[in-house]
Amino acid sequence: FSPAKSAPFMRNGFSAPAKSGTSTSAYIDHGFGSPSSPLTHPSRAKGVVPMGYVGPDVQVDAAWQRVKGMLDAITAAKEAGDEDLEASLSLTVYSHLQTLSSISPSTFYSLLLAQLPLLMPFVYTPVVGAACKDWYGTIGHTGLETGVYIDGFESSKSDMVRVLSTYKESHPSVQAIVVTDGERILGLGDLGVHGMGIPVGKLHLYTACGGIDPAKCLPVTMDLGCNVEAIRDAPGYMGTRRGRDLSSDEFDKVMENFMEAAMEVFGRNTLIQFEDFGNKNAFRLLEDWRGKSTSFNDDIQGTASVVVGGLLASLKLTEGIDRLADHTFVFLGAGEAGVGIAELLAYAIQQETGCTPAEARKHINLVDSKGLVTAERENLQHHKQPFAHQRSTSPTTFEESVKLLNPTAIIGVSATPNTFTEPILAHMAATTTNPVVFALSNPTSQAECTALQAYTWTEGRCVFSSGSPFDKVVINGVTKVPGQGNNAYVFPGIGLGAIAGGATSVTEKDMYTAAVTLAGEVGEDRLEVGCCYPELERIREVSEIIATRICGDVWEEGRGGEGERENAREKVRECMWTPFQE
Ligand SMILES: NC(=O)C1=CN([C@@H]2O[C@H](COP(=O)(O)OP(=O)(O)OC[C@H]3O[C@@H](n4cnc5c(N)ncnc54)[C@H](OP(=O)(O)O)[C@@H]3O)[C@@H](O)[C@H]2O)C=CC1
Ligand SMILES: CC(=O)C(=O)O
Ligand SMILES: [Mg+2]
């Protein structure tokens, strides 16, 4: 272990140095150990705030004034069409917020919660993608460190136990771990150890949206090399300068060591979320550990849950389509997200109609980089086989597949932009009244189409959702609000429910429960503007509702702690941390 890679960092302490350009002297944390104070909305702030004033309200106000100034500058850059300036200011906001989260978690989370729709894009997608590309490799590593890096090539299980035990000295009761190996960071591919931004960002949402105490969160990056030479050979790359040359068995052994070490140090029921692993390992990793740990894969399972939730809600918006079973689905992308969604969707169709798994799967068609997935194709990967239907023709493009199958819903999880084209959407608009168009690839640059394109090319009739946020669109005088079909709507609630319930496992049924619960939380006001997800402002409340159901199920199914369902809400609330309160 080099110290840089193995040392746990003072993520929530006071020792992190301030970075240039992000003056932090006004922020003093009151989150741990000081008297609580009522939290007020930061936008209440007026005027200049004296530096060094330690009242929590004023700190949050001060933080908001500073961030708001940067957001205004970003808006101005956007309006001027200066994309470079917009990108660099966005990274400045990211950097500023990371610093704030380290030195004053309460201030950071107060601000994030009060301004979630505005600030979530700067701690999560899309800006976290830019940060992994351009910040973690540069200034992000030079002072403020934000998680635990483990050298997967050199570390034995006892090394891992030692590193995690050191982290435990400053963070005695870790409840949630998000671990990546950086191989498939959003739709940006292999970013090596720079992928650390993803576990950090996911855990920020665990705290903001799910109420998990930031001191009980642990972001981990397993360094298993990087296949992109330009990244791993760049001066200052902090990871191992080696390709991803471990065999499957060697990868499995490294992850076994990690999982055993994590459970030994932090407890068997610690929640472990697998994030942004490459798909050659992700399915196997999930299968290996789902019965032996409280773990789930967010890209396969969390995504499935949020998409099925959105699809269930969208049934109230689609004329002539009242059940999932009335749809013909065509997916662009048959990887982790695609197959994960397809499996849960098939399960949901079975619940709806009582049909067999095979019948349910017939509604779902997958297209990958070679074209439509059919039974005729040779050497099909294992995860695609359940959706390989018999066909007389095998279209090699998405457009041909759409024209052959006339889908009522298309789901984009391919990380390839500009693939939901005008001819495709116009064809859907000609063959179905309200096409469902989910362009879910992240970050924004990888989305299969934009909201404006989707609404324009379907004459304003589609139900649109995307993985990264898009602004509302006014089309033919009607305002349409795109939904954010992102697993962020469910993983904080699922994780919170598992933690509150003391779960020994996270199940497919939990994913379905979260989906149905999420769909039930989409109010009439959202449906009126064509949106099939709840307001982002309600995400913490929605997470609490999801968590309560899951906690109750865990207890009822005897797979964790003990309790009565009617006490689940109270238990969940007890587990939720609030900024500036003990
Ligand atoms: N909104 C959300 O909550 C989430 C969004 N995502 C996004 O989904 C995207 C994919 O993630 P994931 O499934 O994990 O990635 P994978 O690498 O597992 O899968 C990608 C899939 O896309 C296919 N593909 C790639 N290029 C093309 C192309 N040109 N035409 C058709 N298909 C293509 C691949 O084909 P092949 O199999 O032939 O290689 C593969 O099936 C990412 O952008 C990610 O950010 C992921 C999780 C959650
Ligand atoms: C959202 C997410 O998990 C992804 O894009 O990978
Ligand atoms: Mg992910």
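These numbers come from a predicted model, not from an experiment. (Residues numbered from 1 in each chain as written. Chains lettered and ligands numbered in written order. Predicted model: local features only at pLDDT ≥ 70, side-chain atom pairs only at ≥ 80, totals over all residues. Heavy atoms only, no water.)

A.B. asks: Looking at this structure, how should I read the overall build of the chain?
C.D. replies: A tally of regular secondary structure across the chain gives 22 helices and 14 strands. Looking at the chain as a whole, 60% of its 582 residues qualify as buried. Counting contacts in the chain only where the partners sit at least 6 residues apart, residues at least 24 apart contribute 73% of the total. (Helix = DSSP H or I, 4+ residues; strand = E, 2+ residues; numbered from the N terminus. Buried < 20%, exposed > 50% of the residue type's maximum accessible area, 1.4 Å probe, protein only. Contact = heavy atoms within 4.5 Å.)

A.B. asks: Help me understand the site of ligand 1 in this model?
C.D. replies: Surrounding ligand 1, one finds 27 residues, the nearest of these being Arg184, Asn279, Ala334, Ser369 and Lys384. Contact distances for ligand 1 include 3.5 Å between an oxygen atom and a backbone N or O atom of Gly187. Within the contact set of ligand 1, an oxygen atom lies 2.6 Å away from a side-chain nitrogen or oxygen of Lys384. Coverage of ligand 1 by the protein chains reaches 82% of its 920 Å² of free accessible surface. (Near = heavy atom within 4 Å. Polar contact = N/O pair within 3.5 Å; in protein donor to acceptor, adjacent residues only side chain to side chain. Areas by Shrake-Rupley, 256 points an atom, 1.4 Å probe, with all protein chains shown as cover.)

A.B. asks: Explanation requested: the pairing of strand 6 (residues 329-332) in the structure shown.
C.D. replies: Regular strands place their side chains on alternate faces of the sheet. Residues of strand 6 alternate between two faces, with Phe329 and Phe331 on one and Val330 and Leu332 on the opposite face, all of them buried. Relative to strand 9 (residues 409-412), strand 6 runs parallel, the two sharing four bridges. Along strand 9, the bridge assignment pairs Phe329 with Ala409. (Pairing = 2+ DSSP bridges.)

A.B. asks: I would appreciate a short explanation of the site of ligand 2 in the present structure.
C.D. replies: In the region of ligand 2, the neighbouring residues are Tyr124, Arg184, Leu186, Lys202, Glu275, Asp276, Asp298, Asp299, Asn442, Asn486 and Asn487. Measuring from an oxygen atom of ligand 2, one finds a side-chain N or O atom of Glu275 at 3.0 Å. Interatomic distance of 3.1 Å between a side-chain N/O atom of Asn487 and an oxygen atom of ligand 2. Protein chains shield 91% of the accessible area of ligand 2, which is 210 Å² for the free molecule.

A.B. asks: Sorry if this is basic, but what is going on with the coordination of the magnesium ion (ligand 3) here?
C.D. replies: For a metal bound by four donors in a tetrahedral arrangement, the ideal donor-metal-donor angle is 109.5 degrees, while six donors in an octahedral arrangement ideally sit at 90 or 180 degrees. Here the magnesium ion (ligand 3) is held by the protein donor atoms Glu275 (OE), Asp276 (OD) and Asp299 (OD), which lie 2.1 Å from it. Sequence positions of the residues that donate to the magnesium ion (ligand 3) give the spacing E-D-x22-D. In this pair, Glu275 sits in the loop between strand 4 (271-274) and helix 11 (279-289) while Asp299 sits in helix 12 (residues 298-314), placing the two residues 24 residues apart along the sequence. Asp299 gets classed as buried once you look at its relative accessible area, which sits at 4%. (Donors = N, O, S within 2.8 Å, 3.2 Å for Na, K, Ca; no water.)

A.B. asks: Is there a simple way to explain the sheet that holds strand 2 (residues 176-180) in this structure?
C.D. replies: Backbone-to-backbone hydrogen bonds join strands into a sheet, with any given pair of strands oriented parallel or antiparallel. Ordered by their spatial adjacency, five strands build an open sheet running 1-3-2-4-5, and the pairing between neighbours is parallel. Strand pairing shows two members of the sheet lacking a second neighbour, strand 1 (148-151) and strand 5 (294-297), which therefore form its edges. The average undirected angle you get between the axes of adjacent strands in this sheet is 20°. Pairing between strand 4 and strand 5: four bridges, direction parallel. Bridge pairing in strand 5 places Phe274 opposite Asn297. In the packing of helix 12 onto the sheet, the strands contacted are strand 4 and strand 5, and the crossing angle to strand 5 comes to about 80°. (Axes fitted to C-alpha atoms, helices over the stretch in contact; angles between N-to-C directions.)

A.B. asks: I would appreciate a short explanation of the nonpolar core in the present structure.
C.D. replies: When a protein is soluble and globular, its nonpolar side chains tend to lie buried together. Among the nonpolar cores identified, the biggest contains 160 residues, and Ile177 and Phe258 are the most heavily contacted of them. With 10 residues, the single largest contributor to this core is helix 10 (residues 248-266). The residues contacting Ile177, other than those within four sequence positions of it, are Leu218, Val220, Phe258, Ala262, Phe266, Thr270, Leu271, Ile272 and Gln273. (Core = buried A, V, L, I, M, F, W, Y, C linked by side-chain atoms within 4.5 Å.)

A.B. asks: For this particular structure, what's the right way to read the state of the cysteines?
C.D. replies: Applying the stated rule across the entire model yields zero disulfides. Cys209 carries a free sulfur, and the closest cysteine sulfur to it, the one in Cys217, is 12 Å from it. The class for Cys209 is buried, based on a relative accessible area of 0%. (Disulfide = S-S within 2.5 Å.)

A.B. asks: Please clarify how helix 6 (residues 127-134) should be interpreted in this entry.
C.D. replies: Think of an α-helix as turning once every 3.6 residues; residues three or four places apart then point the same way. Of all the positions in helix 6, only Val127, Val128, Gly129, Ala131 and Cys132 are classed as buried. Elements in contact with the buried residues of helix 6: helix 3 (83-103), helix 5 (116-123) and helix 8 (197-210).

A.B. asks: I keep staring at helix 11 and nothing clicks. Help me out?
C.D. replies: Looking only at helix 11, the buried set comprises Asn281, Ala282, Phe283, Leu285, Leu286 and Trp289. Structurally, helix 11 contributes buried residues whose contacts are with helix 10, strand 4, strand 5, helix 12 and helix 13 (336-353).

A.B. asks: Would you mind showing me how to read the sheet that holds strand 6 here?
C.D. replies: Here we have seven strands laid out as an open sheet, ordered 8-7-6-9-10-11-14, and mixed in their pairing. Both outer strands of the open sheet, strand 8 (371-372) and strand 14 (483-484), are each paired with one neighbouring strand and no more. In this structure, strand 9 lies alongside strand 10 (residues 436-439), joined through four bridges in parallel fashion. Bridge pairing in strand 10 places Ala409 opposite Val436.

A.B. asks: What is the right way to look at the environment of Arg284 in this model?
C.D. replies: Position of Arg284 among the secondary structure elements: in helix 11. Look at Arg284 and you get partly exposed, because its relative accessible area is 25%. Taking C-alpha positions, Arg284 is 8.6 Å from Asp252, a pair spaced 32 residues apart along the chain. When residues no more than four places from it in sequence are discounted, the contact partners of Arg284 are Ser248, Phe251 and Asp252. Reaching out from Arg284, the side chain makes a polar contact with the side chain of Asp252 at a distance of 2.8 Å. Engagement of the side chain of Arg284 in a polar contact is seen with the backbone oxygen of Lys280, the distance being 2.9 Å.

A.B. asks: Any chance you could explain the pairing of strand 11 (residues 463-466) here in plain terms?
C.D. replies: The alternating pattern of strand 11 places Val463 and Ser465 and Phe464 and Ser466 on opposite faces, both of which are buried. Alignment of strand 10 against strand 11, held across four bridges, turns out to be parallel. Looking at the pairing, Val436 lines up with Val463 of strand 11. As defined by bridge partners, strand 11 adjoins strand 14 across two bridges and the pair is classed as parallel. Its bridge partner being in strand 14, Ser465 is matched across the sheet by Gly483.

Just geometry here; none of it tells us what the structure is for.
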